[in-house]
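Given next are the chains, with one letter for each unit.
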Amino acid sequence: DTGVSQNPRHKITKRGQNVTFRCDPISEHNRLYWYRQTLGQGPEFLTYFQNEAQLEKSRLLSDRFSAERPKGSFSTLEIQRTEQGDSAMYLCASSLERSGVGEQYFGPGTRLTVT
Amino acid sequence: RKEVEQDPGPFNVPEGATVAFNCTYSNSASQSFFWYRQDCRKEPKLLMSVYSSGNEDGRFTAQLNRASQYISLLIRDSKLSDSATYLCVVILYNTDKLIFGTGTRLQVFP
């Protein structure tokens, strides 16, 4: 399968714990995005990378959230001291720079439940 | 006020019906426009781009009215497999992030 992959698919954690999610983009894509989606809402942008550089961060991304893409390939999203409000689907997407604008390919997501 | 607004539905229509979804956006710096489709518990996928001149892809027609900041999607001859949530998406000038509406849920019944 050459699409975007995300691990784990589901994560249940207790409030206050740290969690880390991984995203592997489509191999030739140099842009990687993180979004968050809650029930009944559309995805909300969190941050994105071009290669290893983090180019934009949403104000939704509090200081408890950190994202990295150390070698310009896979990315990790870490949430420290999780809160119940962090419960959501975390979606990763990738695209080619210079592709048709808006053509982002999404992974299946990591569903986080904070108890 | 949300940047992209859609009627959440659900729209319940019989097979073969024509259904139209509307979307409004508030930021005049919006540059590019799209419809994404999201099946239940799946990831969003690009359905089609939206141009001022209007564009058609089979049974789907999308239209943009920049003056009114309004986007539409028309589905003709609805199929059961069209049942999904349709997300209106904009991209602002000089950015690359997608701004999604809440989505409109369509349920096509036999």
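Residues numbered from 1 in each chain as written. Chains lettered and ligands numbered in written order. Predicted model: local features only at pLDDT ≥ 70, side-chain atom pairs only at ≥ 80, totals over all residues. Heavy atoms only, no water.

Visitor: Is there a simple way to think about the overall build of chain B in this case?
Guide: Each helix and strand counted, chain B has 0 helices and 11 strands in total. Beginning at the N terminus, the succession of helices and strands in chain B can be written as β-β-β-β-β-β-β-β-β-β-β. A globule of 110 residues ought to have a C-alpha radius of gyration of about 13 Å, and chain B, at 13 Å, matches this closely. Projected onto the principal axes, the alpha-carbon positions of chain B cover approximately 45 × 30 × 20 Å. In chain B, which comprises 110 residues, the share counted as buried stands at 49%. Counting contacts in chain B only where the partners sit at least 6 residues apart, residues at least 24 apart contribute 57% of the total. Looking at charge distribution, chain B has the averaged site of its 12 positive side-chain charges lying 3 Å from that of its 11 negative ones. (Helix = DSSP H or I, 4+ residues; strand = E, 2+ residues; numbered from the N terminus. Rg over C-alpha atoms; globule rule 2.2 N^0.38 Å. Buried < 20%, exposed > 50% of the residue type's maximum accessible area, 1.4 Å probe, protein only. Contact = heavy atoms within 4.5 Å. Lys, Arg positive; Asp, Glu negative; His and termini not counted. Charge placed at Lys NZ, Arg CZ, Asp CG, Glu CD.)

Visitor: Would you take a moment to explain unusual backbone geometry for this structure?
Guide: Among all residues except glycine, the phi angle is most often negative; among peptide bonds, the trans geometry is most common. Of note, the amide linkage connecting Asn7(A) to Pro8(A) takes the cis form, showing an omega dihedral of -10°. Residue placement: Pro8(A) occurs in the loop between β1 (5–7) and β2 (10–13). For the peptide bond that leads from Gly9(B) to Pro10(B), omega is 10°, which places it in the cis range. Mapped onto the secondary structure, Pro10(B) falls in the loop between β1 (4–6) and β2 (11–14).

Visitor: Before we go on, may I ask you to explain the packing of aromatic side chains in this structure?
Guide: Two numbers describe a pair of aromatic rings. These are the distance of the centres and the angle of the planes. A full pass over the atoms with the stated rule returns 13 aromatic pairs over all chains. When the ring of Tyr25(B) is compared with that of Phe33(B), the centres are 4.8 Å apart and the planes differ by 45°; the resulting orientation is tilted. On the basis of relative accessible area, Tyr25(B) is assigned to the buried category, the value being 3%. Each ring, one from Tyr36(B) and one from Phe100(B), has its centre 5.8 Å from the other, and the planes form 70°; the classification is edge-to-face. Of the two residues, Tyr36(B) is situated in strand β4 (residues 30–38) and Phe100(B) in strand β10 (residues 99–100); the sequence distance between them amounts to 64 residues. You'll find Tyr36(B) and Phe100(B) in the same group, each marked buried. Here the aromatic residues Tyr33(A), Tyr35(A), Phe45(A), Tyr48(A), Phe106(A), Tyr36(B) and Phe100(B) are joined through ring pairs into a cluster of three or more. Looking at Arg22(A), its charged tip hangs above the ring of Phe74(A), at a distance of 3.9 Å from the centre. (Phe/Tyr/Trp six-rings, centres within 6.5 Å; stacked < 30°, edge-to-face > 60°. Lys NZ or Arg CZ within 6 Å of the ring centre and 35° of its normal.)

Visitor: Would you mind going over the interface of chain B and chain A with me for this structure?
Guide: Where interface size is given, it is often the accessible area lost as the parts come together that is meant. Contact with chain B, which involves 18 residues of that partner, is made by 21 residues of chain A. In total, chain B and chain A occlude about 1500 Å² of area from one another, counting both sides; carbon and sulfur atoms represent 52% of this. Our enumeration of links across chain B and chain A arrives at 2 salt bridges. A salt bridge links Glu56(A) to Lys97(B); the shortest N-O distance between them is 3.0 Å. Across the chain B-chain A interface, the total number found is 8 residue pairs in polar contact (both at pLDDT 80 or more). Sorting the residues of the side of chain B that touches chain A by element identifies β4, β5 (44–50) and β9 (84–92) of chain B as the ones contributing at least two each. Per-element tally for the side of chain B that touches chain A: the top contributor is β4(B), with 4 residues. (Buried area = accessible area lost by both parts, 1.4 Å probe. Salt bridge = Lys/Arg side-chain N within 4 Å of Asp/Glu carboxyl O. Polar contact = N/O pair within 3.5 Å; in protein donor to acceptor, adjacent residues only side chain to side chain.)

Visitor: What exactly am I supposed to notice about the environment of Leu46(B) here?
Guide: One can find Leu46(B) in strand β5. Looking at Leu46(B), the relative accessible area reads 32%, which means it is partly exposed.

Visitor: Explanation requested: the nonpolar core in the structure shown.
Guide: Within soluble globular proteins, side chains that are nonpolar generally end up buried alongside one another. Counting residues in hydrophobic clusters, the biggest one holds 25 residues, and the most contacted among them are Phe21(B), Trp35(B), Ile71(B), Leu73(B), Ile75(B), Tyr86(B) and Leu106(B). Broken down by secondary-structure element, the contributors of at least two residues to this core are β3 (19–25), β4, β5, β7 (60–65), β8 (70–75), β9 and β11 (104–109) of chain B. Each residue touching Ile71(B), except ones within four places of it in the same chain, is listed here: Phe21(B), Asn22(B), Cys23(B), Tyr25(B), Phe33(B), Trp35(B), Val50(B), Gln63(B), Leu64(B), Cys88(B) and Val90(B). Leu32(A), Leu46(A), Ala67(A) and Cys92(A) belong to the second largest nonpolar core, which has 19 residues in total. (Core = buried A, V, L, I, M, F, W, Y, C linked by side-chain atoms within 4.5 Å.)

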